[in-house]
Structures are given as structure tokens and as C-alpha cells.
Amino acid sequence: MLEYLGEEMSNQAKAEQGHEDAMEFPRFTFNPKEGIDNPALVISDDPEPDRCPVPRLCQLNRIEGQSFGFHLRMEKGRRGYAIRNVEPWSPAELSGLRDGDRVLEVNEEYVDNMEFPILVKRIQWCGLKLFLLVLRGEEYEQAVSLCLDLQVLARAHRGAGCSRPRLCHVTRHPIQGLGIIITQTEGQKGQYILSTVTNGPAEKAGVRSGDKLVWINGATVSNVTYSTLNKMVRRSGLSVTLLVIDIESESSYVRRKMPISPVTAESHNLPHRPKTMNLVQGPDGYGFLLRQEKLPVTGRIVHLLREVDAGSPAEEAGMEDGELLLAVNGEPAETMEHEDIVKKIRRSGHKVSLTSISIPGRDFYRQLGICPLLFHEEDTLQNEGGGTENQNGHHLRNEDGCLPCPRLCVLDREETGFGFHLGCIQDEPGTFIGQVVPGGSGQRAGLSGGDVVIEVNGQNVENEYFEEVVMLIKRSMSPLKLLVVERTAYNHLRQQGLPITPAVLSTQASGRTSDVFL
């Protein structure tokens, strides 16, 4: 049954209105001396917007033989290192890395003030995982213009008191054992805290009381029961490798959703260090054989150094028969084809740098799931980039006190070509840069008249004649990559018996552009 309610509702509304008129409302007054007497009303200035840029963390994961998929560039006249040409669907793009980003940290290490060749090695030698802390290009320029301390900015992202994990190799003592006590956190599966014996093997290897155990011999312990963990320790034999971190630092990694990994760790007491050998070709060559072989147990294909001749340059450099080749001129070589390695060595001219490790050493790092070159940089890179001597004690400074500076110049082809003329000495191998067109691609890339041409697109041309080099350049697709060095620096490096490769690039000349694909 329906009824008309319009008049009734109208009367009800009037009644409510009358009731509202009868209510008493508090009155507010304003006294200039005392301010507003309404405590709920507060007048304040709008807060200043936070002008401090916020870095972001990119986690790159690749498979063996795959690149990360980006170019690292030191750009002419600009501070810092830029990310360029990020490849579609690459680990770099999938991580959120974008063209123009500026790199602040690599694997938790500040790199904005690091020399370019050392930074390149940090990335090339890190293995399958890479962590980059970056700022967008405009944020980086803003931070620089505001005179912000970029290192403080990066440290603030981690948080105060955050330290890197430690990878510790503990050798068992006949009396003290490992010198470590493992305690499970009550009610938490897979959470283990370590206590060390004073001056025991674990403490000497870098383990500290209160550390949290992350993994043992490459196996994570987060899903391992206490009894299983004890069995793992007992079966480890004469030594054990532990990845540990302090509790405060662990909270920082959890907050940033960053896995605790050996790639960000500091190494302590690790055995089986790789070695780098600088070889100068003799009358009979280098004096060794590079052979591709299949390992008997694993069936893995490797490149081994064999048949080292007595008294040869290889033997004098410390090469031993049966060592496994890791890198050629600083570039990782394990996943290269045998023929490509041979070509790379031949293109190095009369000098080459080889990095190797024993097969037991390679097995050790493979068990841990890390690249054997990861911590090799601690022994070698400071000499290559920042020191005045290399491993053999050769001084890298010339008579003027400046570091010889090979440069990798990247040129884009224009309508008029690459913007330089090539020169040579008649009937002799080798070429040099002649006239450089003002404002052209060559000048913008950093070419200078008189520069000796070392490589064209990665191919060594020191012993090639003028016509061959010209053909290589003409056949080149844009961009053209030339490795060049000033004549005085070239003569100096050759006198010292040092290879001239992208591995010895220097960033002393900040006005030039260098570019490396990683």
C-alpha cells in the first residue's frame, strides 16, 4: 500500500530546521596578542618540498654467456658514468635500468669517483649478478648543481651502520676445530647466529660473534634444519666457506628487498686466487699451447694452457701447464669460442695479458656459485687504474708525470664521413690520425692529430698496412670504435712491454668520451 509522504517530510524538515536554530554554537574570537583561541585550527607555512633526489636500486641477472645489455659511457665534458643504449628485453631493461641513468654504486661500492677501466672490470668480473644504484640523469645533474655529496646520498639509501656481507674461508684447526658455535634463533627456522672463539680460526677468517649465517659452501641455510646444518659442517672437511652479515646490516638488505649475495661481499682468506700474466712475444712466439678440452668428471668444456716451453715468455711470466684460462686482456674468456680466443690473442700484437687459475681453484669457485674473477680485482685493479706501477713494477707515468692514456673513441658516421684523415709512413705498417675536421664526428669523439691507431672495432691494426686499415674503416657500420693513443704514450708503453688494450684505458682526460658494452 502506497501513501503520499511529501507533506509529512516537508513538515519534518521544518521541525529539524527550527531545532537547529535553537542550538547554541561556540563563538570564536581573535585577539592579535593571544592568537586564535580555536586549538583545532593551526596556521602554518606549506612544508618545503624535498629537493633531495632518491637513488634507485636495479638488480640485473643474466645467464652464462649473456651480456647485461647496456653501454657504460664516460661522456665528453660531463661528470659521472652514464647508462646508454639499453637493449630491449635485456637483463638491464628488465631490471628497470634506463637510458641516461647515472651510476653511483656497483655491488654496494661507490664508483662515481672511480677510474673508468676499474669500473668496467668491476662489472665484467662480477659474474651473473649485478646490483647498480643509479640516479636519473636529470636528478644527477640537479644533485651536482646543488653541490650535494653523492657518496652521502648513496650511503643514506643503505642506511646508517649498514656494512657489506663477508665471505669467510675458515680452515679447521687440529685442536680448536673451526672455532665457531652455531646457535639457532628460538622459534625461527633457518635463522642461525654465530659465536666465535677468541683468536680462533673463524675469528681470524673474518667471522664476528653475533653474525648471522647466510650460507655455507654455497648452500643457503634459510630452509635448513639445525641437525642438517651440523651434518653440513661436519662433512665440510678441513675448511668451510661462510657468507655472514651482522644483524643491523641484514635489516637494511631486507628493507631494500635486496638479496644477501657474495657479489656484494668482502672476501676474507679465500684460497685459489687467479693470477694475471703479461706476456711479450719472443722469436718463437709466446711458448705455450691453448687447447680446448673436456673435463673428465663434469664433462665441462674449458680452455687450458698446455705445453709451456722451458725458458719461453709464458714460463717466465709464471704460466704452469694445465691452468684454466679465465680472461684475455682483462675480458672474461670462459664462455668464448676457442677460435675467438685465438683471434683475440693474435690481434693483441706482440703483447698479451692472460688471467688463469688452477682447475681445483675453478672447482672451488664453481661450488660456491661465484665468478673466480670477482675478488681478483682486489689484487690487480688498483695497479692498473690508480697506481703508478703495474704488477711487474713497470712505471706507467711518462716523462711529464702524466699517465699514458689510451682512448676508446666512438664515432658516428655523418654525411661527410667520420670527420678525420688517416695517415701512415710509406711502406711501413701502422697508421695514425692525420687531420681532424673541426666540429666533425672525430673531433667530438676525442680524436687528435698524431694519435696512433691501435684497434678498429676491436681488431688490432698495429701491424696492418694503410690500405687494410682504410678498408676496415670503410666497411664499418656506424658507430665506429677506434682505440687510439698519443705517440709519446704509445712509445712509452711499448718500451715497458705493456699491452695497449681497452683494459688499460685511463680517465685522466675527462674531456673525451669512452664507451663500453657490458
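Basis of the calculations
- Residues numbered from 1 in each chain as written.
- Predicted model: local features only at pLDDT ≥ 70, side-chain atom pairs only at ≥ 80, totals over all residues.
- Heavy atoms only, no water.
- Helix = DSSP H or I, 4+ residues; strand = E, 2+ residues; numbered from the N terminus.
- Buried < 20%, exposed > 50% of the residue type's maximum accessible area, 1.4 Å probe, protein only.
- Contact = heavy atoms within 4.5 Å.
- Patch = residues over 30% accessible without salt bridge, like charges linked within 9 Å, V, L, I, M, F, W, Y side chains within 5 Å.
- Areas by Shrake-Rupley, 256 points an atom, 1.4 Å probe, with all protein chains shown as cover.
- Salt bridge = Lys/Arg side-chain N within 4 Å of Asp/Glu carboxyl O.
- Lys, Arg positive; Asp, Glu negative; His and termini not counted.
- Charge placed at Lys NZ, Arg CZ, Asp CG, Glu CD.
- Phe/Tyr/Trp six-rings, centres within 6.5 Å; stacked < 30°, edge-to-face > 60°.

**Some thoughts on the environment of Lys294**
Okay, step 1: For Lys294, the location among the structural elements is in strand β17 (residues 289-294).
Okay, step 2: Judged by relative accessible area, which is 59%, Lys294 ranks as exposed.
Okay, step 3: Spatially, the C-alpha atom of Lys294 lies 9.8 Å from that of Leu304, the residues being 10 residues apart in sequence.
Okay, step 4: Excluding anything up to four places from it in sequence, Lys294 contacts Gly299, Arg300 and Ile301.

**Section: a negative patch on the surface**
Okay, step 1: Taken together, the side chains of Asp284, Asp309, Glu315 and Glu316 define an acidic patch exposed on the protein surface.
Okay, step 2: Looking at where Glu316 falls in the secondary structure, it is placed in helix α9 (residues 313-316).

**Comments concerning the packing of aromatic side chains**
Okay, step 1: A complete count under the given rule lists four aromatic pairs for this structure.
Okay, step 2: Considering the side-chain rings of Tyr81 and Phe116, the 5.7 Å spacing of their centres and the 35° angle between planes classify their relative orientation as tilted. Of this pair, Tyr81 sits in the loop between β4 (71-74) and β5 (82-84) while Phe116 sits in helix α3 (residues 116-124), placing them 35 residues apart in sequence.
Okay, step 3: You can call Phe116 buried: its relative accessible area is 1%.

**A few points about the pattern of salt bridges**
Okay, step 1: Following the criterion strictly, the structure yields 21 salt bridges and no others.
Okay, step 2: With its nearest N and O atoms 2.8 Å apart, the salt bridge here joins Glu323 to Lys275. Of the two residues, Glu323 sits in strand β19 (residues 323-328) while Lys275 sits in strand β16 (residues 275-280), which places them 48 residues apart along the sequence.
Okay, step 3: Among the residues examined, Glu323 registers a relative accessible area of 8% and is labelled buried.
Okay, step 4: Looking at Lys275, the relative accessible area reads 25%, which means it is partly exposed.
Okay, step 5: Taking the shortest distance from any N to any O, the salt bridge between Glu293 and Arg306 comes out at 2.9 Å. Of this pair, Glu293 sits in strand β17 while Arg306 sits in strand β18 (residues 301-306), placing them 13 residues apart in sequence.

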